[in-house]
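The lines below spell out each chain.
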Amino acid sequence: MATNAETAAAPTSIDEVVASVHDTVVATWGDFVAHLPFIGISLAIIVLTWLGAWLSTLFAARLAGKRTRPSLRRLIDRLLSLGIWALGLTLAAVVVFPGLSPAKALGGLGLLSVAVGFAFKDTFENFFAGMLMLWKYPFESGDFIESGEIMGRVERVNVRVTHIRQVTGELLIVPNASLFKNSVLVLTNQPVRRIHVATGVAYDEDLGVALELIETAVRACESRVKDYPVQVFATGFGSSSMDIDVSWWCDSTPLGTRKSRNEVVVAIKATLDQAGIEIPYPYRTLHFRGPIPVENEPSTPG
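Student: Tell me what's going on with the overall build of the protein, and back it up with residues and numbers.
Tutor: When its secondary structure is counted, the protein shows 8 helices and 8 strands. Out of the 302 residues in the protein, the part that is buried amounts to 27%. Relative to all contacts within the protein whose residues are 6 or more apart in sequence, the contacts with residues 24 or more apart total 62%. With the model as given, the accessible surface of the protein reaches about 20800 Å², and the carbon-plus-sulfur share is 64%.

Student: How would you explain the side chain of Thr-162 if you had to name every residue and give the values?
Tutor: Mapping Thr-162 onto the fold places it in strand 3 (residues 161–166). For Thr-162, a relative accessible area of 0% gives the class buried. Polar contacts involving the side chain of Thr-162 include one to the side chain of Asn-176, which spans 2.6 Å. Thr-162 has contacts with Met-133, Val-154, Arg-156, Val-157, Leu-172, Ile-173, Val-174, Asn-176 and Leu-179, leaving out every residue within four places of it along the chain.

Student: Tell me about the sheet that holds strand 1 (residues 144–147), and name the residues and values.
Tutor: In spatial order, the strands read 4-3-2-1-5; together these 5 strands make up an open sheet with antiparallel pairing. Because the sheet does not close on itself, it has two edges, and the strands there are strand 4 (171–175) and strand 5 (185–186). In this sheet, strand 5 lies alongside strand 1 in antiparallel orientation, the contact comprising 2 bridges. Paired with Ile-145 across the two strands is Val-186, which belongs to strand 5.

Student: Lay out a nonpolar patch on the surface with the relevant residues and their values.
Tutor: Together, Leu-48, Trp-50, Leu-51, Trp-54, Leu-55 and Leu-58 give the surface a local cluster of nonpolar side chains, amounting to about 660 Å² of exposed area. Structurally, Trp-54 can be placed in helix 2 (residues 14–64). The exposure class of Trp-54 is partly exposed, given its relative accessible area of 49%.

Student: Go over the pairing of strand 3 with me, naming the residues and quoting the values.
Tutor: With 5 bridges joining them, strand 2 (residues 150–157) and strand 3 adopt antiparallel strand pairing. Within strand 3, the position partnered with Gly-152 by the bridge is Gln-166. Counted along the chain from strand 2 to the antiparallel partner strand 3, the turn is 3 residues long. Direction of pairing for strand 3 relative to strand 4: antiparallel, over a ladder of 5 bridges. Bridge pairing in strand 4 places Ile-164 opposite Leu-172. Hairpin connection of strand 3 to strand 4: 4 residues between the antiparallel strands, including Gly-169 at a positive phi of 105°.

Student: Account for the environment of Val-230, with residues named and values stated.
Tutor: Mapping Val-230 onto the fold places it in the loop between helix 7 (207–219) and strand 7 (231–237). Setting aside residues up to four positions removed in sequence, Val-230 forms contacts with Glu-215, Val-218, Arg-219, Arg-224, Ser-247 and Trp-248.

Student: Describe the packing of aromatic side chains, listing the residues and the values that go with them.
Tutor: Summed over all chains, the structure comprises 2 aromatic pairs. Look at Tyr-203 and Phe-237: their rings are 6.4 Å apart centre to centre, the planes differ by 10°, and that puts the pair in the stacked class. In this pair, Tyr-203 is assigned in the loop between strand 6 (192–201) and helix 7 and Phe-237 in strand 7, connecting sequence segments 34 residues apart. Tyr-203 sits in the partly exposed class, given a relative accessible area of 39%.

Student: Any chance you could break down helix 8 (residues 254–274) for me, citing the residues and the numbers?
Tutor: A rise of 1.5 Å per residue sets the reference length of helix 8, with its 21 residues, at 30 Å; its end C-alpha atoms lie 30 Å apart and thus fit the reference within 8%. Of the surrounding elements, those touching the buried residues of helix 8 are strand 1, strand 2, strand 6, helix 7 and strand 8 (242–251). Where helix 8 ends, the next residue or the one after it, Gly-276, has phi of about 75°, a positive value.

Student: Give a detailed account of the sheet that holds strand 6, specifying residues and quantitative values.
Tutor: An order of 6-8-7 is seen for the 3 strands of this open sheet, with the pairing classed as antiparallel. Looking along the sheet, the strands with just one partner apiece sit at the ends: strand 6 and strand 7. Between one strand axis and the next, the sheet turns through 25° on average, direction left out of account. Across 10 bridges, strand 6 lies against strand 8 in antiparallel orientation. Within strand 8, the position partnered with Val-192 by the bridge is Asp-251.

Student: Could you give an account of the pattern of salt bridges, naming the residues involved and the relevant values?
Tutor: Applying the stated rule across the entire model yields 4 salt bridges. As a salt-bridge pair, Glu-155 and Arg-153 come within 3.8 Å of each other at their nearest N and O atoms. Overall, the relative accessible area of 31% leaves Glu-155 in the partly exposed class. For Arg-153, a relative accessible area of 32% gives the class partly exposed. Between Glu-155 and Arg-165 there is a salt bridge, with its nearest N and O atoms 2.9 Å apart. Of this pair, Glu-155 sits in strand 2 while Arg-165 sits in strand 3, and the two are 10 residues apart along the sequence. The network of salt bridges with shared partners includes Arg-153, Glu-155 and Arg-165.

Analysis parameters
- Residues numbered from 1 in each chain as written.
- Predicted model: local features only at pLDDT ≥ 70, side-chain atom pairs only at ≥ 80, totals over all residues.
- Heavy atoms only, no water.
- Helix = DSSP H or I, 4+ residues; strand = E, 2+ residues; numbered from the N terminus.
- Buried < 20%, exposed > 50% of the residue type's maximum accessible area, 1.4 Å probe, protein only.
- Contact = heavy atoms within 4.5 Å.
- Areas by Shrake-Rupley, 256 points an atom, 1.4 Å probe, with all protein chains shown as cover.
- Polar contact = N/O pair within 3.5 Å; in protein donor to acceptor, adjacent residues only side chain to side chain.
- Pairing = 2+ DSSP bridges.
- Patch = residues over 30% accessible without salt bridge, like charges linked within 9 Å, V, L, I, M, F, W, Y side chains within 5 Å.
- Salt bridge = Lys/Arg side-chain N within 4 Å of Asp/Glu carboxyl O.
- Phe/Tyr/Trp six-rings, centres within 6.5 Å; stacked < 30°, edge-to-face > 60°.
- Expected span 1.5 Å × (residues − 1).
- Axes fitted to C-alpha atoms, helices over the stretch in contact; angles between N-to-C directions.

What follows is the structure, encoded as structure tokens:
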């Protein structure tokens with residue numbers, strides 16, 4: 001039996017080569033024109049997919065309700081949008097390539113996803129971390145968080161990265177996997193939090209009177225949350241003073257704690273000064289094992 005290579009005659013002149021190329025181009029153009037309706041239908045499917053993904057945003061907001069966390073609403077929106085786009089692109093591919101079945105398309109997509117997953121491991125790690133963070137995580141947009149050397153206000157939690165506005169004003173883009181795998185301190189998880197300052201009074205002063213004056217001064221501060229207690233305790237005997245720890249509750253934001261700490265420190269200093277109670281400077285006593293010789297320089301006659 002003759003093979004295709006044996007039956008197909010090789011072109012022997014330039015005219016035959018040109019004719020062969022012409023026939024190929026004409027056949028390709030004919031196939032393209034014949035597939036134009038399918039291409040048009042697939043483009044219409046893509047447009048409808050885009051419209052459906054846009055409408056899914058409104059549907060997600062209505063499905064989640066107003067009481068649902070904003071991050072959870074964004075997660076529902078992302079999942080609906082991804083599902084609609086996956087379905088729409090699969091249908092468009094089946095229409096453009098009639099021999100392609102949905103099963104073959106999904107199989108090829110699975111092999112492609114494995115290859116892409118190995119190539120973009122970090123990207124997918126951040127993506128899935130973002131999904132889990134949007135699903136259920138203890139901070140939302142507007143919360144102040146601290147993680148390692150990162151501290152600032154969360155502006156937005158996206159699928160792959162989180163935008164954090166630092167207290168110095170810079171915008172920090174943090175991969176979600178970093179926040180998901182490391183410890184995160186949510187400073188504004190509650191509207192108030194307790195802070196403290198350390199102070200001390202001299203050993204010659206009446207410690208009980210000093211504690212009462214400090215507590216009265218702190219209670220009078222406007223930045224203190226009135227529904228929470230003020231705690232003033234003597235904590236030990238320092239090298240130059242009797243140490244005192246003062247704690248109270250105030251606004252949980254970094255600016256609120258700074259303002260409250262400033263007001264309390266000023267109030268304690270003013271109260272103790274007015275009462276004549278000394279806040280001592282550090283004292284240091286030097287002991288020598290043996291006598292120290294002192295030599296007097298001879299005075300010169302005037």
